[in-house]
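Listed below are the residues making up each chain.
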Amino acid sequence: MNQVDYLRISLIDRCNYRCQYCMPEGSELDYVLQKDLLTQQELLTLIKQIFIPLGFSKIRLTGGEPLLRAELIEIVENISSYEQISDLALTTNGYFLEEKAQDLYNAGLRRINISLDSLNPQTFNNIIGRSAPELWHKTWRGIQKAHQVGFDPLKINVVIIPGINEEEIEDIEALTIERNWHVRYIEFMPIGNDELFQQRAWVPSTEIRERIKQRWGLVESSVKGNGPADVYQIPDAQGTLGFISQMSECFCDRCNRLRLSADGWLRPCLLNETGQIDLKSALRSNQTLEQIQQQVRELLEAKKDINFKLRDKGAQFYTRTMSQIGG
Ligand code: SAM
Ligand code: SF4
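So, a few notes on the structure that sits alongside this text. (Residues numbered from 1 in each chain as written. Chains lettered and ligands numbered in written order. Predicted model: local features only at pLDDT ≥ 70, side-chain atom pairs only at ≥ 80, totals over all residues. Heavy atoms only, no water.)

Here's the deal with the site of ligand 2
Looking at ligand 2, the residues that line it are Cys15, Tyr17, Cys19, Cys22, Met23, Gly64 and Asn93. Taken together, the residues of the shell around ligand 2 sort by class into five nonpolar, two polar and no charged. (Near = heavy atom within 4 Å. Nonpolar A, V, L, I, M, F, W, Y, C, P; charged D, E, K, R; others polar.)

Regarding the packing of helix α3 (residues 97-106) against helix α5 (residues 135-149)
Contact geometry of α3 with α5 gives a least axis separation of 8 Å together with a crossing angle of 20 degrees. With respect to their mutual orientation, α3 and α5 come out roughly parallel. Here the hand of the crossing between α3 and α5 comes out right-handed. Of the residues in α5, those in contact with Leu97, Glu98, Glu99, Ala101, Gln102 and Tyr105 of α3 are Lys138, Arg141, Gly142, Lys145, Ala146 and Val149. Grouping the amino acids of the contact of α3 with α5 by side-chain chemistry returns five nonpolar, two polar and five charged. (Axes fitted to C-alpha atoms, helices over the stretch in contact; angles between N-to-C directions. Helix = DSSP H or I, 4+ residues; strand = E, 2+ residues; numbered from the N terminus. Parallel < 35°, antiparallel > 145°, perpendicular 65-115°, else oblique. Left-handed = near helix turned anticlockwise from the far one by under 90°. Contact = heavy atoms within 4.5 Å.)

Brief notes about the site of ligand 1
By nearness alone, 19 residues border ligand 1, and Tyr21, Gly64, Ser115, Met189 and Ile191 come closest of all. A distance of 3.0 Å is found between a nitrogen atom of ligand 1 and a backbone nitrogen or oxygen belonging to tyrosine 21. A distance of 2.9 Å is found between a nitrogen atom of ligand 1 and a backbone nitrogen or oxygen belonging to methionine 189. In the complex, the protein chains occlude 96% of the 550 Å² of accessible area that ligand 1 would expose alone. (Polar contact = N/O pair within 3.5 Å; in protein donor to acceptor, adjacent residues only side chain to side chain. Areas by Shrake-Rupley, 256 points an atom, 1.4 Å probe, with all protein chains shown as cover.)

Some details on the pattern of salt bridges
Summed over the entire model, instances satisfying the criterion amount to 15 salt bridges. For glutamate 98, the salt bridge is made with arginine 141, and the minimal N-O distance between the two is 2.9 Å. Remark: arginine 141 occurs in helix α5 and glutamate 98 occurs in helix α3; sequence separation between them is 43 residues. What makes arginine 141 partly exposed here is its relative accessible area of 39%. Residues joined in a network through salt bridges with shared partners are Glu98, Glu99, Lys138 and Arg141. (Salt bridge = Lys/Arg side-chain N within 4 Å of Asp/Glu carboxyl O. Buried < 20%, exposed > 50% of the residue type's maximum accessible area, 1.4 Å probe, protein only.)

Structural notes on α5
Taking 1.5 Å of rise per residue, 15 residues should cover 21 Å, and α5 covers 21 Å from first to last C-alpha, within 8% of that figure. Buried residues of α5: Leu135, Trp136, Lys138, Thr139, Trp140, Gly142, Ile143, Ala146 and Val149, and no others. Buried positions along α5 lie against α3, β4 (111-115), α4 (121-128), β5 (154-159), α6 (169-178) and β6 (181-186). After α5 finishes, the residue glycine 150 shows a positive phi value of roughly 110 degrees. (Expected span 1.5 Å × (residues − 1).)

Regarding unusual backbone geometry
With an omega of 5 degrees, the peptide bond between aspartate 152 and proline 153 qualifies as cis. For proline 153, the location among the structural elements is in the loop between α5 and β5. Residues other than glycine seldom take positive phi values, yet alanine 201 does so here, at roughly 60 degrees. Tracing the backbone shows alanine 201 in the loop between α7 (194-200) and α8 (205-216).

Considerations on the pairing of β4
Pairing of strand β3 (residues 87-92) with β4, which is carried by four bridges, proceeds in the parallel orientation. Along β4, the bridge assignment pairs threonine 91 with asparagine 113. In this structure, β4 lies alongside β5, joined through four bridges in parallel fashion. Within β5, the residue paired with serine 115 across the bridge is asparagine 157. (Pairing = 2+ DSSP bridges.)

A short note on the packing of helix α1 (residues 40-51) against helix α10 (residues 289-302)
At their nearest, the axes of α1 and α10 sit 10 Å apart, and the two run at 75 degrees to each other. On the basis of their axis angle, the class for α1 and α10 is roughly perpendicular. Contact residues: α1 offers Thr45, Gln49, Ile50 and Phe51, while α10 offers Leu289, Ile292, Gln293 and Val296. Classifying every residue of the contact of α1 with α10 gives five nonpolar, three polar and no charged.

So, in structure tokens, the structure goes:
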């Protein structure tokens, strides 16, 4: 089993979008109350006193929409000042980037993933569950701004949903030809909107790759990430194409991450909550940092047997949406 050295932190479970596959309009979500969010101080204590000593060196900030989190810039500034953290990244829907990209960069952030499931403003609105006409343009300006201030790598996350944005696969792909942007396809998972999943199903990475190959040609890329993506490239393109195939492939054996939710639950697996620890309650009770660290160590030891391998057998170990887990 891989060394587990990567922590994904959900800073907030709220979002200004209502993506159909994540938190569709009308779905009932129990948002975390402000008092139950990990405070900045608690978060930094956990990183510094628990995770860094246990060998963690990579952090991704996500949500919900992390740019809605008050103190985000300060949080980034603090984490990026820890020399043991070699890799700090953020995943965002891009809406607020036009205003915040420069501040985030100045605070020390260099790596960013921006979700963009369509190049067509109407389809985009349909996916994000919003109707204001300027939203795609605002998101696009956010991406341009991130590029302009120097984020590198700049990655575009795409979830393909049959019959909704499937026809755009080849066009989205073309974004990587002349720009040093990296597209990451994430297979649609049956969490957040099981009904949509049952209706539309999902497109396996192999099929997406084949379509791109037919249109543009495709070669394996020499650039390898430290995540689960299989990375390819259109010949001579500046950017790369990554495929995250959590539905069609099982990469549990090379999983290198834990997830910390906005209310402080530390989870061993995206889709399996077995063994999760309530770090917020631990911090707010009389437990010592040594005791908390011991619990995390035990979770790390148990992690190899806590996975998503039973997904095809209908195992339902999870009860949360991606926005609550921190996708
Ligand atoms: N709000 C930010 C964003 O959209 O980038 C960060 C949080 S979002 C939960 C993180 C990633 O999870 C996004 O790229 C989104 O497309 C993906 N995601 C959400 N629900 C998903 C699902 N049911 N299947 C696959 N990916 C999903
Ligand atoms: Fe919000 Fe991101 Fe979920 Fe879309 S995928 S609803 S932007 S948290």
